[in-house]
Amino acid sequence: MDRLFFSDSPELKLSEILELTPHDRAFVIMPAGCASMLGEVIGNLSPSLLIDDREEAKNMASLERILSAMLEQGLTRRSIVINIGGGVTTDIGGLAAALYMRGIRYINIPTTLLAMVDASSGGKTAVDLQGVKNIVGAFHQPLATIITPAFLRTLPDEQLLSGYAEMVKHDLLRGAMPGFPAAGLTVESVASDIEQSVMFKQRIVSADPEEKGLRRILNLGHTAGHAFEALALQRGAPAAHGIAVAQGLVTALVLSVMAGGFPSALMQSIVAGIRSLFPIIPFGCKDYEELLGLMHSDKKNQGKGSVAFTLLAAPGKPMERVDIDDATLREALDITRDLLGI
Ligand SMILES: NC(=O)c1ccc[n+]([C@@H]2O[C@H](COP(=O)([O-])OP(=O)(O)OC[C@H]3O[C@@H](n4cnc5c(N)ncnc54)[C@H](O)[C@@H]3O)[C@@H](O)[C@H]2O)c1
């Protein structure tokens with residue numbers, strides 16, 4: 001499992017780690033679009049390669065460009081890749097490290113909240129293919145992850161919310177009540193909770209690094225969330241990943257009441273908190289077939305007559321792979337719309 005470091009000075013922490021880790025060169029990947037912004041926190045560390053970090057560019061062509069640059073710049077088995085950026089950068093840079101010479105070491109320095117609490121640790125690396133998200137990838141654990149909340153100061157509000165959805169998910173899974181600040185999220189209101197959120201993920205991943213069982217609980221909210229995300233994309237109004245996950249959490253909580261005995265009043269108060277903070281992805285009855293189709297086509301459900309959900313019997317009591325039939329799913333989508341006022 002990767003070592004997690006929390007530091008106000010990622011440059012200093014990185015040089016300490018590199019000093020203790022025999023290597024021949026460090027290959028730094030950063031997103032072109034926000035490299036100068038990140039530079040304010042990262043200091044003098046200059047990129048070896050700037051990449052396009054839009055989700056549309058998280059593909060085989062970009063991966064090949066990264067691998068080619070690694071070859072051209074003479075990386076060897078003793079080199080270390082440093083990924084500085086959001087989840088797109090850590091996913092694609094991590095996959096490049098997994099593939100180059102059958103696997104070299106890499107270090108993540110996440111710069112979005114979502115990458116700090118989720119994407120940058122746990123060793124899942126991937127690119128998208130033919131519009132299917134994360135379908136080509138590898139498990140390859142980073143050597144270290146350095147978390148510096150100061151990066152969040154320049155992050156757009158939507159991105160802060162997106163990461164917060166994953167923190168809400170971790171809270172529900174570990175049995176804590178998520179907070180929904182009435183005045184909205186700020187960097188200060190989330191920064192102090194990052195550590196316990198990512199440590200929770202680390203505990204789950206160390207028990208099941210390759211998602212053979214327990215790690216599946218981290219899919220809470222994602223089965224419906226991915227369907228909402230894809231629907232928004234099809235309509236030409238893409239939603240940040242976590243915004244869709246927050247709405248997916250609502251459907252998962254509704255199903256948890258219907259199929260898992262989760263207390264209804266508690267579900268309603270958590271949903272009210274989600275509704276107060278997160279924007280809604282609109283959908284109606286006419287979208288149900290599309291949403292159901294998207295959930296059935298999830299990697300985990302192919303060929304099954306039902307959709308497997310991670311649900312909760314109570315906060316801190318996850319149930320993985322609960323099979324839900326289409327009639328129950330339609331009912332849960334009705335209730336989701338009622339609760340969200342759609
Ligand atoms: N590997 C995993 O376990 C895992 C888990 C969750 C999500 N993911 C993946 O993560 C990706 C989403 O990651 P994300 O939400 O971090 O998005 P992202 O990497 O696309 O970053 C979002 C945007 O913020 C910009 N940005 C990054 N840091 C910034 C900063 N400090 N200030 C201002 N702007 C900044 C980026 O340039 C980008 O435009 C998806 O591809 C998803 O599949 C992976």
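In this text, all values refer to a predicted model and were calculated from it rather than measured experimentally.

Peer 1: Outline the site of the ligand, listing residues and values.
Peer 2: Taken together, 30 residues sit near the ligand, with Gly-86, Gly-87, Thr-111, Thr-112 and Ala-119 positioned nearest. For the shell around the ligand, the secondary structure elements donating two or more residues are α2 (35-42), α4 (87-99), α5 (113-119), β7 (132-139) and α6 (157-174). Classifying every residue of the shell around the ligand gives 10 nonpolar, 13 polar and 7 charged. Looking at which domains feed residues into the shell around the ligand, each of domain 1 (3-154) and domain 2 (157-340) gives three or more.

Peer 1: Could you give me a rundown of the packing of α6 against helix α10 (residues 241-260), with the residues and numbers involved?
Peer 2: Packing of α6 against α10 leaves a shortest axis separation of 7 Å and a crossing angle of 40°. Considering the angle they form, α6 stands oblique to α10. For the pair α6 and α10, the sense of crossing is left-handed. Contacts from Glu-158, Leu-161, Ser-162, Gly-163, Tyr-164, Ala-165, Glu-166, Val-168 and Lys-169 in α6 reach His-241, Gly-242, Ile-243, Val-245, Ala-246 and Leu-249 in α10. Looking at the contact of α6 with α10 residue by residue, the classes come out as 8 nonpolar, 4 polar and 3 charged.

Peer 1: I'd love a proper account of unusual backbone geometry, names of residues and values included.
Peer 2: Positioned with a positive phi, Arg-102 is a non-glycine residue whose angle comes to about 65°. Judged by local crowding, Arg-102 falls into the exposed class, with 7 C-beta atoms found within 10 Å. Even without glycine at this site, Arg-321 takes up a positive phi of about 60°. Looking at the secondary structure, you find Arg-321 in strand β10 (residues 317-324). Taking the number of C-beta atoms within 10 Å as the measure of exposure, Arg-321 has 13 and is therefore partly exposed.

Peer 1: Residues and numbers for the sheet that holds strand β5 (residues 105-110), please.
Peer 2: Pairing is parallel in the open sheet, where 6 strands are placed in the order β1-β8-β5-β4-β2-β3. Every other strand in the sheet has two partners, leaving β1 (3-6) and β3 (49-51) as the edge strands with one partner each. Strand-to-strand, the axes of this sheet are offset by a mean angle of 20°, without reference to chain direction.

Peer 1: Account for the domain arrangement of the chain, with residues named and values stated.
Peer 2: When the parts come together, some accessible area is lost, and that loss is often what is quoted as the size of the interface. Domain annotation for the chain reports domain 1 (3-154) and domain 2 (157-340). For domain 1 versus domain 2, the distance between C-alpha centres works out to 27 Å. For the side of domain 1 that touches domain 2, the elements supplying multiple residues, two or more each, are β1 and α5. Ranked by residues supplied to the side of domain 1 that touches domain 2, first place goes to α5 with 5 residues. A breakdown of the residues in the side of domain 1 that touches domain 2 according to their chemical character gives 10 nonpolar, 4 polar and 2 charged.

Peer 1: I'd like a description of the nonpolar core, backed by residues and values.
Peer 2: Core analysis: the largest hydrophobic core is formed by 91 residues, its most contacted members being Ile-82 and Leu-249. For this core, the leading source of residues is α10, giving 10 residues. The two domains that each donate at least three residues to this core are domain 1 (3-154) and domain 2 (157-340). Sequence-distant contacts of Leu-249, defined by excluding residues within four places in its chain, comprise Ala-165, Val-168, Lys-169, Leu-220, Gly-221 and Ile-274.

Cut-offs used in this document
- Residues numbered from 1 in each chain as written.
- Predicted model: local features only at pLDDT ≥ 70, side-chain atom pairs only at ≥ 80, totals over all residues.
- Near = placed C-beta within 6 Å.
- Helix = DSSP H or I, 4+ residues; strand = E, 2+ residues; numbered from the N terminus.
- Nonpolar A, V, L, I, M, F, W, Y, C, P; charged D, E, K, R; others polar.
- Domains from an automatic or database assignment.
- Axes fitted to C-alpha atoms, helices over the stretch in contact; angles between N-to-C directions.
- Parallel < 35°, antiparallel > 145°, perpendicular 65-115°, else oblique.
- Left-handed = near helix turned anticlockwise from the far one by under 90°.
- Contact = placed C-beta atoms within 7 Å.
- Buried ≥ 20, exposed ≤ 12 C-beta atoms within 10 Å, placed from the backbone.
- Pairing = 2+ DSSP bridges.
- Core = buried A, V, L, I, M, F, W, Y, C linked by C-beta atoms within 7 Å.

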